[in-house]
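# Examining the three-dimensional arrangement
The primary structure of each chain is shown beneath.
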Amino acid sequence: MCEGIAAEFEGIDFGDKRLNQRSVTILEALAANPEASINASIESWGDTLAAYRFFRNANVQPEEILRPHREATERRLREHAVVLVVQDTTEFDFTAHPPEDAQCLDAESRFGLDDHTHLAITPEKLCLGVVGSEQFDRAPETLGKGRARKFLLIEAKESFRWLTGYRLACELQQKSGATPIVSVADCEADIYELFVEVQQPSPPADFIIRARENRCTSERNPEREGRVFTKVLDKLAEAPVRVRRTIDLPQTPKRKARQAELEIRAITIELKPPDARSNLPLVSQQCVLVREVNGPGDKTEVSWLLMTSLPIESAEDVLRVVDYYVARWTVEIYFRALKTGCRVERIQLETLHRVKNCWAFYKIIAWRILYLTYLNRTTPELPCTA
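Here the structure is a predicted model, which means the values were calculated and not measured.

## Some remarks on the overall build of the protein
If you tally the helices and strands in the protein, you get 10 helices and 11 strands. A compact globule built from 386 residues should have a C-alpha radius of gyration of about 21 Å, and the protein, at 23 Å, falls within 12% of that. The C-alpha extent of the protein, read off along each of the three principal axes, is 75 × 55 × 45 Å. Expressed as a percentage of its 386 residues, the buried residues of the protein come to 49%. In the protein, 67% of the contacts between residues at least 6 apart in sequence involve partners at least 24 apart.

## Section: the packing of aromatic side chains
A complete count under the given rule lists 13 aromatic pairs for this structure. Summarising the aromatic geometry, the rings of Phe-55 and Phe-361 are spaced 6.0 Å apart at their centres and angled 70° between planes, so their arrangement reads as edge-to-face. Here Phe-361 lies in helix 10 (residues 352–378) and Phe-55 lies in helix 3 (residues 45–56), a separation of 306 residues in the sequence. A centroid spacing of 4.6 Å and a plane angle of 50° characterise the contact between Phe-92 and Trp-359, whose relative ring orientation is tilted. Of this pair, Phe-92 sits in strand 1 (residues 83–93) while Trp-359 is found in helix 10, placing the two residues 267 residues apart along the sequence. Here Phe-92 and Trp-359 have matching classes, each one buried. Every member of this aromatic cluster is reached through a ring pair, and the members are Phe-9, Phe-14, Phe-54, Phe-55 and Phe-361. The ring of Phe-229 carries Lys-272 above its face, with NZ or CZ at 5.1 Å from the centroid.

## Quick look at the pattern of salt bridges
One pass over the full model with this rule turns up 31 salt bridges. Linking Asp-106 and Arg-110 is a salt bridge whose minimum nitrogen-to-oxygen distance equals 2.6 Å. Under the relative-accessibility criterion, Arg-110 is labelled partly exposed at 22%. Here Glu-350 makes a salt bridge to Arg-354, at a shortest N to O gap of 3.5 Å. In this structure, a network of salt bridges that share partners links the residues Asp-88, Asp-186, Arg-210, Arg-328 and Glu-332.

## Focus on the pairing of strand 4 (residues 181–185)
Counting buried positions along strand 4 gives five out of five residues, so the element sits mostly inside the fold. Side chains of strand 4 alternate between two faces, with Ile-181, Ser-183 and Ala-185 and Val-182 and Val-184 buried alike. Taken together, the five bridges between strand 1 and strand 4 define a ladder with parallel strand orientation. Within the sheet, the bridge partner assigned to Val-86 lies in strand 4 and is Val-184. Bridge analysis of strand 4 against strand 5 (residues 206–210) gives four bridges, and the strand direction is parallel. When the bridges of strand 5 are listed, Val-184 appears paired with Ile-208.

## Structural notes on helix 3
The terminal C-alpha atoms of helix 3, which comprises 12 residues, lie 17 Å apart, in line with the 16 Å expected from a rise of 1.5 Å per residue. Those residues of helix 3 lying buried are Thr-48, Ala-50, Ala-51, Phe-54 and Phe-55. For helix 3, the angular spread of buried residues about the axis comes to 160°, placing them on one side.

## Quick notes on the pairing of strand 3 (residues 127–136)
Counting buried positions over the 10 residues of strand 3 gives eight, a clear majority of the element. Looking at chain direction, strand 2 (residues 112–121) and strand 3 are connected through eight bridges and run antiparallel. Bridging across to strand 3, His-118 finds its partner in Gly-132. Taking the residues that link successive antiparallel strands as the turn, the strand 2-strand 3 hairpin has five residues, and the phi of Lys-125 there is positive, at about 75°.

## Concerning the side chain of His-97
Inspection of the secondary structure assignment puts His-97 in the loop between strand 1 and strand 2. A polar side-chain atom of His-97 sits 3.4 Å from the main-chain carbonyl oxygen of Ile-347.

## A few points about the confidence of the model for the protein
The predicted structure's coordinates, where accompanied by low pLDDT, should not be read in detail. Model confidence for the protein is summarised by a mean pLDDT of 90, while 95% of its residues fall at 70 or above. Put simply, strand 8 (residues 243–249) is where the protein has its lowest mean pLDDT, 89, and strand 4 is where it has its highest, 97.

## As for the nonpolar core
Residues Val-288 and Tyr-362 are the most contacted members of the largest nonpolar core, which totals 117 residues. In terms of residue count, the dominant contributor to this core is helix 10 (15 residues). In contact with Tyr-362, other than residues within four places in its own chain, are Leu-30, Pro-34, Ala-36, Ile-38, Leu-338, Cys-342, Val-344 and Ile-347.

## A few points about unusual backbone geometry
Unlike most non-glycine residues, Lys-125 shows phi in positive territory, near 75°. Inspection of the secondary structure assignment puts Lys-125 in the loop between strand 2 and strand 3. Despite not being glycine, Asn-294 shows a phi value in the positive range, around 60°. Tracing the chain through its elements places Asn-294 in the loop between strand 10 (283–293) and strand 11 (303–308).

Calculation rules
- As a convention, each chain's residues are numbered from 1 in the sequence order in which they are written.
- Since the coordinates come from a predicted model, pLDDT governs what is reported: local features require at least 70, and pairs of side-chain atoms require 80 or more to be given and counted, while whole-chain, interface and lining totals use all residues.
- Side-chain metrics rest on all non-hydrogen atoms present in the structure, leaving aside hydrogens and water.
- Helix and strand assignments come from DSSP, with helices taken as H or I runs of at least 4 residues and strands as E runs of at least 2, each series counted from the N terminus.
- Our radius of gyration looks at C-alpha atoms and nothing else; its globule reference is 2.2 Å times the residue count to the power 0.38.
- Using a 1.4 Å probe on the protein chains alone, a residue whose accessible area is under 20% of its type maximum counts as buried, one over 50% counts as exposed, and one in between counts as partly exposed.
- Residue contacts follow a heavy-atom distance rule, with two residues in contact if any of their heavy atoms lie within 4.5 Å.
- Note on aromatic pairs: the rings of Phe, Tyr and Trp (six-membered ring only in Trp) are paired at centre separations within 6.5 Å, and the planes decide the class, stacked below 30 degrees, edge-to-face beyond 60, tilted for the rest.
- We call a charge positioned above a ring when the Lys NZ or Arg CZ atom is no farther than 6 Å from the ring centre and deviates by at most 35 degrees from the ring normal.
- The working definition used for a salt bridge is a side-chain nitrogen of Lys or Arg within 4 Å of a carboxyl oxygen of Asp or Glu.
- Between any two strands, at least two bridges found by DSSP are needed for them to pair.
- The length a helix should cover is 1.5 Å for every residue beyond the first.
- The arc in question is the one spanned by the directions pointing from the helix axis to the C-beta atoms.
- Within 3.5 Å is the distance limit for a polar contact, defined as a pair of N or O atoms, with the added protein rule that one can donate a hydrogen and the other accept it, and that residues adjacent in sequence qualify only through two side-chain atoms.
- In predicted models, pLDDT denotes the confidence assigned by the predictor to each residue on a 0 to 100 scale.
- Definition of nonpolar core: a set of buried residues of the types Ala, Val, Leu, Ile, Met, Phe, Trp, Tyr and Cys, connected through side-chain atoms within 4.5 Å.

Listed below in structure tokens is the structure:
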């Protein structure tokens, strides 16, 4: 299914030629039949035992497995006019067969890992590769203490991963030369510290984030007494419609696939820091409000408030922001390829170290499946031998 995938391991180096060759053998075997179990994918029992020894080897780390793939991805992204680095988190549930050192997801009765992936894609949704990945879980005693963490420094919170993701996009921008890099994330990345970081004089990478909070602007609300500030959505409601657009919405567990008619407003707004971060400065932010009109009336209507550092002067600029955000859905398809296509939640290995090493192979395989799928759509004139 993924012929030629061994090229993603060019330059791999575990300090042992046997481990290097074994990694290529494992990758090709798993890629040949991603839906099968490890035992079914690898032909001989001797090679199967060698794969299990590889996964448990203390000298093998998932970062090193993914390193040559990331380097190959960085080479690919230089070939494109614009690259989006989409970051998102998904759960991998091992409750039915948890590794011996597994901790919790969001409840003491659920075991597994949260996986935060950084995926490089083009605006046309061609997946170029995985440029970053981290996993985390939770100790039982830390569950349900979100309020206590509210006033912690951002570095001590799980949400710090989103700021780390933007910094990763900035690193890639410095390496990519003339190719602009845009960091794209959903509402969990709505972190004021990230907006502050982008205010530096020459931010290396741009960003688009779907807002979760209806933040306060720096303007007092003249209709309310006391220290009350106007909200972002109130300011956008007063703004004229800049452009109208019709888009295709994919099916989700909460809605059927449909076409959505959108009205789009866009203005620049000065934001006030949240009370818990009152020491932070005001920031000026481009805000794009996307709302569906004539929707189905079932509470699935599109309503996106997008924060961005990209320009919004023209209608073309505004539509570019929306199109880049819509391309973010590619990372959801990538997670589906991992869970459904590669069935990674069925992996049964004794420790998280072994699981993470095995996952690193399937991350590359899932990318390859997605890459071939969208390569056919974006360049249909290519011969099938390519």
